[in-house]
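Observations on the three-dimensional arrangement
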Amino acid sequence: MQSKFEQLKTEALLAIKSVSDKIQLEDLENKLLGRKSGELTNLMKGLKDLTDDARKVIGVVANEVKKDIEMAFANKKNELLNLDWAAAVEKERVDITQPTLPHSERGTFHPNTIIQKDLEDFFTSMGFVVLDGPELESDFFNFTAVNVPENHPARDMQDTFYIKNHPGMVMRTHTSSMQVRSMLKQGAPLRAIVPGKCYRNEATDPRHEHTFYQLEGFVIDEHITFAHMKGVLEAVAKHLYGADTQVRLRPKYYPFVEPGVNGEVTCFICKGKGCRVCKNTGWLEIFGAGMIHPNVLKEGKVDAGRYQGFAFGLGLTRLAMLKYGIEDIRHLESGDLKFLKQF
Ligand code: FA5
């Protein structure tokens, strides 16, 4: 019986050595060591029929053979694993001596992103913080909190996407939805901008998209006046379009400000003389603004007796169109690489 164990060991070690993949190795392990009918298992079962003395001697041999075979399996498993690793590394090898991709293949920033980054730098240099807010917004923060209660006709000014099966939720129609959110979170005084995406159920045309970007700004502090607002917006206009740019404010109704204005800048193409871009008016409309309505401050738990503030909403997409002379807003969300690679 001893020689049977030794013969099995010799054959097993040879067979293990010649295996070249994991599946073959598993099959062989099963054939030799399988619990029910493995060849070594069967041989070991025969030990019980030996006399006590013989079992003592042959038992030692049997255990050693088993240990050696198990060890050979473990070594082979390791060897195959290392081969797998080597193959994986070889597959991922990068030839660093290859020339890089031509520069024209590099990504570029979207025009909206370029303007957004530029304005973020500009406003942070004036002490504003940059905030971010949800695009899927509650009806409350988008409308009610900014002084547009349910059933108020001012809701019709912004054609809204309501969310099926989620009453009370809308795709935000403007970044003004962040006014009260920010007041509740940060309190007063507050100086912040909120750039971001907005959505309106528009019949799209060259100047109106269902998805576009705005940049909201608000300043809340003691003794804030309309003059501060004009000063900040003039600084923005000069930054964007040059030092000789003027700002014109004309009354406009927005429920969340009082008084409210429509902001225009001298056309930076014709310098106010009148051209195709400004439709011969000499002015370009770029924002809505005004002094924050006391009802909005109250919703934000800001003491309206002590604090005042102004807010403005720049049409960021409009600014990008003006800067780059883009004639149709629909190019911006088209994902068309021919268009996007120009920037
Ligand atoms: C508002 O959305 C106000 N929340 C702005 C505001 C903020 C006023 C704070 C007062 C105080 P309005 O609907 O006018 O206002 O939109 C502001 C700008 O967003 C517009 O001048 C325009 O540039 C841009 N805009 C509005 N709708 C679209 C659209 N469908 N496509 C592209 N740009 C749009």
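Position numbers for residues count from 1 along each chain, tracking the sequence in the order it is written. At least 70 in pLDDT is required for a residue's local features to be given in this predicted model, at least 80 for side-chain atom pairs to be given and counted, and no such filter applies to totals for whole chains, interfaces and linings, which use all residues. Where side-chain values are given, they derive from all heavy atoms of the structure, hydrogens and water being excluded.

Thoughts on the overall build of the chain
Counted only if it meets this: Here a helix means four or more residues in a row that DSSP labels H or I, a strand means two or more in a row labelled E, and each is numbered from the N terminus. Between the two quantities, the radius of gyration covers C-alpha atoms and the globule rule is 2.2 Å times the number of residues to the power 0.38. To sort residues, take the accessible area from a 1.4 Å probe on protein chains only and compare it with the maximum for the residue type: under 20% means buried, over 50% means exposed, and anything in between is partly exposed. Only heavy atoms enter the contact rule, under which two residues are in contact if any of them lie within 4.5 Å. Each accessible area is a Shrake-Rupley estimate made with a 1.4 Å probe; only the visible protein chains count as cover when residues are assessed. Charged residues are defined here as Lys and Arg on the positive side and Asp and Glu on the negative side; His and the ends of the chain fall outside this count. Here the site of a charge means atom NZ of a Lys, CZ of an Arg, CG of an Asp or CD of a Glu.
Scanning the chain from terminus to terminus reveals eleven helices and nine strands. For 343 residues, the compact-globule estimate of 2.2 N^0.38 gives 20 Å, and the chain exceeds it by more than 25% at 37 Å. On the principal axes, the C-alpha backbone points of the chain span a range of 110 × 50 × 40 Å. Within the chain, buried positions represent 41% of all 343 residues. In the chain, of all internal contacts separated by at least 6 residues, the share reaching a separation of at least 24 is 67%. Accessible surface computed for the chain: about 19900 Å², of which carbon and sulfur atoms make up 53%. The chain carries 45 positive and 46 negative side-chain charges, and their two centres are separated by 1 Å.

Let's talk about the environment of Phe141
Within the secondary structure, Phe141 sits in helix H6 (residues 139–142). Setting aside residues no more than four positions away along its own chain, Phe141 makes contact with Val146, Ser177, Val180, Arg181 and Leu184.

A closer look at the domain arrangement of the chain
Formally: Here the bounds of each domain stem from an automatic or database domain assignment.
Each assigned domain of the chain is listed with its residue range as follows: domain 1 (2–92) and domain 2 (111–340). Placing the centre of domain 1 and that of domain 2 at their C-alpha centroids yields a distance of 75 Å.

Here's the deal with the packing of aromatic side chains
Both the distance between ring centres and the angle between the ring planes are used here to describe each pair of aromatic rings. Which entries qualify depends on this criterion: Here is the rule: rings of Phe, Tyr and Trp (six-membered ring for Trp) pair when centre to centre is within 6.5 Å. Planes less than 30 degrees apart are stacked, more than 60 are edge-to-face, and the remainder are tilted.
Tallied over the full model, the rule gives nine aromatic pairs. Ring centres of Phe123 and Phe128 lie 5.0 Å apart, and the angle between their planes is 70°; on these two criteria the pair is classed as edge-to-face. Taken as a pair, Phe123 and Phe128 share a single burial class, namely buried. Each ring, one from Tyr241 and one from Phe268, has its centre 4.5 Å from the other, and the planes form 5°; the classification is stacked. Of this pair, Tyr241 sits in helix H8 (residues 226–241) while Phe268 is found in the loop between strand S7 (257–266) and strand S8 (283–292), placing the two residues 27 residues apart along the sequence. One exposure class covers both Tyr241 and Phe268, and it is buried.

Digging into a nonpolar patch on the surface
Heads up, the condition is: Nonpolar side chains (Val, Leu, Ile, Met, Phe, Trp, Tyr) are joined into patches within 5 Å and like charges within 9 Å, using only residues with over 30% relative accessible area and no salt bridge. For this analysis, a salt bridge means a side-chain nitrogen from Lys or Arg found within 4 Å of a carboxyl oxygen belonging to Asp or Glu.
Taken together, the side chains of Leu81, Trp85 and Val89 present a nonpolar region at the surface, about 340 Å² in accessible area. Turning to its location among the elements, Val89 is positioned in helix H4 (residues 52–92).

As for the packing of helix H5 (residues 111–125) against H8
The packing of two helices is summarised by the inter-axis angle and the distance between the axes. As a reminder, the rule being used: Helix axes are fitted only over the stretch in contact, all axes being lines through C-alpha atoms; the angle between N-to-C directions runs from 0 to 180 degrees. Working rule for angles: under 35 degrees goes down as roughly parallel, over 145 as roughly antiparallel, 65 to 115 as roughly perpendicular, anything else as oblique. Take the far helix as the reference: if the near one is turned anticlockwise from it by less than a right angle, the crossing is left-handed, and if turned clockwise, right-handed. By the convention adopted, Pro, Cys, Tyr, Trp, Phe, Met, Ile, Leu, Val and Ala count as nonpolar, Lys, Arg, Asp and Glu as charged, and the other residues, Gly among them, as polar.
Viewed as axis vectors pointing N to C, H5 and H8 meet at an angle of 135°, and their least axial separation amounts to 11 Å. Taken together, H5 and H8 sit at an angle that is classed as oblique. Here the hand of the crossing between H5 and H8 comes out right-handed. Taking contact as the criterion, the partners of Asp118, Leu119, Phe122 and Phe123 in H5 are, on H8, Val232, Ala235, Val236, His239 and Leu240. Residue composition of the contact of H5 with H8, by class: seven nonpolar, one polar and one charged.

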